[in-house]
Amino acid sequence: MSKTSTKSLNTTITTSQPASTPTDSTLKDTATVFNPAKPTIAQDSQADTNQSNPAKASHHRANHNQNRSVTQSSDLTTANATAAMPVSAAPKVGFVSLGCPKALVDSERIITELSRDGYQVASDYEGADLVVVNTCGFIESAVQESLDAIGEAISKNGKVIVTGCLGKEADKIREMHPAVLAVTGAHAYDEVITAVSKHVPKPNSSKDEDYDPKIDLINEAGIKLTPSHYAYLKISEGCNHRCTFCIIPSLRGDLDSRPIDNVMNEALALKNAGVKELLIISQDTSAYGLDLKYKTSFWNGMPLKSKFYDLCQALNGLGIWVRLHYVYPYPHVDKVVELMGEKKLLPYLDIPFQHASHRILKAMKRPAHSENTLARIKAWRDICPDIVIRSTFVVGFPGETEEDFQCLLDWLVEARLDRVGAFTYSEVEGAVANDLPDHVPEEIKKSRYERLMALQQEISAQKLQEKIGKTLMVLVDEIDSDEGIAICRSYADAPEIDGHVYVDDINAGVKVGQFLTVTIDEASEYDLFASYKG
């Protein structure tokens, strides 16, 4: 096997190019609903394209793109769900899930509830009695992708319900696609269930003796659209911040945290279902519980506060990998890094810094924009030397000067982050930043993006070279039987957005979802290559 693979990304791009342009074929393909050739674990082929050609957009990958087609949703549901309904009896619903893991979790919940009601998940348009499209509206290319997906579902099936972030723009959706049956907003689970049952009635056991939804066989964790060994755990909805480039609060509302006992019950159910890794997600993970005034609940007979640190402590007790995403660099995060230093959490932080220039951060209205983030990163590394930090950055924000951009490059040189995603600024309908002066020309945005990525590639390559000769524990995501390799991830790698560890000469006993202890032999700009002694 070649050891120069760049199959996976630790540098990512979302461009401001409209999805309808010829160079955006990769983005459009992610919204294709029925494509049997697509991999079950989405977007691997997309990563190759973006490494070699940064002009091709990868929708929202800087914020964890988790697009799922109907085929992928059906395959993963069949593999992971224990509820199997008789084909002849149960109506089938197809799903297209676009956007980030938070939207993916919404799709999982809807599918779980529909399965409990006796519906099956369809594997193609023709076999579906109705199609649900869970949309994204984060940036304009995401909006176009969602509208295209709705149009494709209508043309190939005819009965379509739309939900998700773009659902807030119901008039826009109906204007372009008047045939849609219903439109709901983000995390509107009950509304989607009601709309589905209205247009495709639930199976009726009194009329069909073969109908048996096997409700008891759907475990407490519900049906997941991820591989069975890892899962996303959403701890809150919405956000209290009003960043000028973002419309998430208008799509998903203000911060709405789940009580800690509720979160822990789901986490335990996932562990009991065989999950080896929990990926903690929300819009602002480190603000968890603020809206609840850190209310105390009882779980497992013990009092727990609905607070970020307390949640991390409790999750540690499950004895599985816990990975934190979307963490803002507030001072109280230092205490959580101490848990990482004590090996009680994966030493991995996903922090959306977005920029380094204080002037631009202020214009963005970023929380903690006045913080000395370099000093905080240094302090975290003193506490936990093995910590891996991933972040995303916006290039070409309105008013960004060459001096501002150079400030960002200098910051990256000093910060030496492990994983970096970036996207060029694009206008989002309803965002305050649209009205700011001095918008940056597209050619300058692209040039700055390429300079940032070239710099980060060097940093990434240097940091991965430092891993050679070390022993790491990795989690097996896939087996390539033809090549005799295992495609794995270490603690430094979140699924689908970071690098891989390719392990050679595995034996037949190595399985997906298994932990291996390997020795790192070589490194490329993004991936590691290891040997396994068994």
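Look above for the structure.
Please read these numbers as outputs of a predicted model, since none were measured by experiment.

What counts, and where the lines are drawn
Every residue gets a number counted from 1 within its own chain, in the order that chain's sequence is written. With pLDDT at 70 or above as the cut-off, local features in this predicted model cover only qualifying residues; side-chain atom pairs require 80 or more to be listed or tallied, and sums for whole chains, interfaces and linings still use all residues. As a convention, hydrogens and water are excluded, and side-chain values are obtained from all of the structure's heavy atoms. Helix and strand assignments follow DSSP, with helices taken as H or I runs no shorter than four residues and strands as E runs no shorter than two, numbered in order from the N terminus. Three labels apply to residues, based on accessible area from a 1.4 Å probe with only protein chains included: buried if under 20% of the type maximum, exposed if over 50%, partly exposed otherwise in between. Surface accessibility follows the Shrake-Rupley procedure with a 1.4 Å probe radius. Residue values consider only the protein chains on display as shielding. Residues enter a nonpolar core if they are buried and are Ala, Val, Leu, Ile, Met, Phe, Trp, Tyr or Cys, with the set joined through side-chain atoms within 4.5 Å. Whether two residues are in contact is decided by their heavy atoms, any of which lying within 4.5 Å being enough. For two strands to count as paired, DSSP must find a minimum of two bridges between them. Any pair of nitrogen or oxygen atoms within 3.5 Å is treated as a polar contact; in protein, a donor-acceptor pairing is required on top of that, and neighbouring residues in sequence qualify only through side-chain atoms on both sides. When the strands point away from the viewer and the connection leading from the first strand across the helix to the second strand turns clockwise, the crossover is called right-handed. Within 6.5 Å between ring centres, the rings of Phe, Tyr and Trp (the latter by its six-membered ring) count as paired, and their orientation is classed by plane angle as stacked under 30 degrees, edge-to-face over 60, tilted in between. Remark: a charge is flagged as sitting over a ring if the NZ atom of Lys or the CZ atom of Arg is within 6 Å of the ring centre and within 35 degrees of the ring normal.

(A) Highlighting the overall build of the chain. Each helix and strand in the chain was counted, giving 15 helices and 21 strands. Put simply, the chain has 534 residues, and 60% of those count as buried. Carbon and sulfur atoms provide 50% of the accessible area of the chain, an area that totals close to 20400 Å².

(B) Region of the structure containing the nonpolar core. Core analysis: the largest hydrophobic core is formed by 59 residues, its most contacted members being Leu278, Leu315, Leu324, Leu349, Leu412, Leu417 and Leu452. Not counting residues up to four positions away in its chain, the partners in contact with Leu324 are Ile280, Phe308, Cys312, Val336, Met340, Leu345, Tyr348, Leu349 and Asp350.

(C) Representation of the pairing of strand β12 (residues 302-305). Where strand β11 (residues 296-299) and β12 come together, four bridges link them in antiparallel fashion. Paired with Thr296 across the strands is Lys305, a residue of β12. Counted along the chain from β11 to the antiparallel partner β12, the turn is two residues long, and its residue Asn300 has a positive phi close to 60°.

(D) Examining the side chain of Thr226 more closely. Relative to the assigned elements, Thr226 resides in the loop between α7 (189-199) and β7 (230-234). Among the polar contacts made by the side chain of Thr226, one reaches the main-chain carbonyl oxygen of Tyr230 at a distance of 2.8 Å.

(E) Geometry of the pairing of strand β4 (residues 130-135). Most of β4 sits out of view: six of its six residues are buried. A two-sided burial pattern is seen for β4, the buried positions comprising Leu130, Val132 and Asn134 on one face and Val131, Val133 and Thr135 on the other. Direction of pairing for strand β2 (residues 92-97) relative to β4: parallel, over a ladder of five bridges. Its bridge partner being in β4, Ser97 is matched across the sheet by Asn134. Looking at chain direction, β4 and strand β5 (residues 160-164) are connected through five bridges and run parallel. Note that in β5 the partner of Val132 across the bridge is Ile161. Taking the sense of rotation as the criterion, the β-α-β connection linking β4, helix α5 (residues 140-156) and β5 turns out right-handed.

(F) Spatial organisation of the environment of Val93. Within the secondary structure, Val93 sits in strand β2. Val93 sits 35 residues away from Ala128 along the chain, and the two C-alpha atoms are 5.3 Å apart.

(G) Spatial organisation of the packing of aromatic side chains. Overall, the coordinates contain eight aromatic pairs when judged by the stated rule. When the centroid spacing of 6.4 Å and the interplanar angle of 85° are considered together, the rings of Phe245 and Phe397 count as edge-to-face. Separated by 152 residues along the polypeptide, Phe245 in the loop between β8 (236-237) and α8 (248-252) and Phe397 in the loop between β15 (388-395) and α14 (402-415) bring together distant segments of the chain. Phe397 carries the same exposure label as Phe245, and that label is buried. Every member of this aromatic cluster is reached through a ring pair, and the members are Phe245, Phe397 and Tyr425. Looking at Arg323, its charged tip hangs above the ring of Tyr348, at a distance of 4.5 Å from the centre. Residue placement shows Arg489 over the ring face of Tyr230; its charged tip is 5.2 Å from the ring centre.

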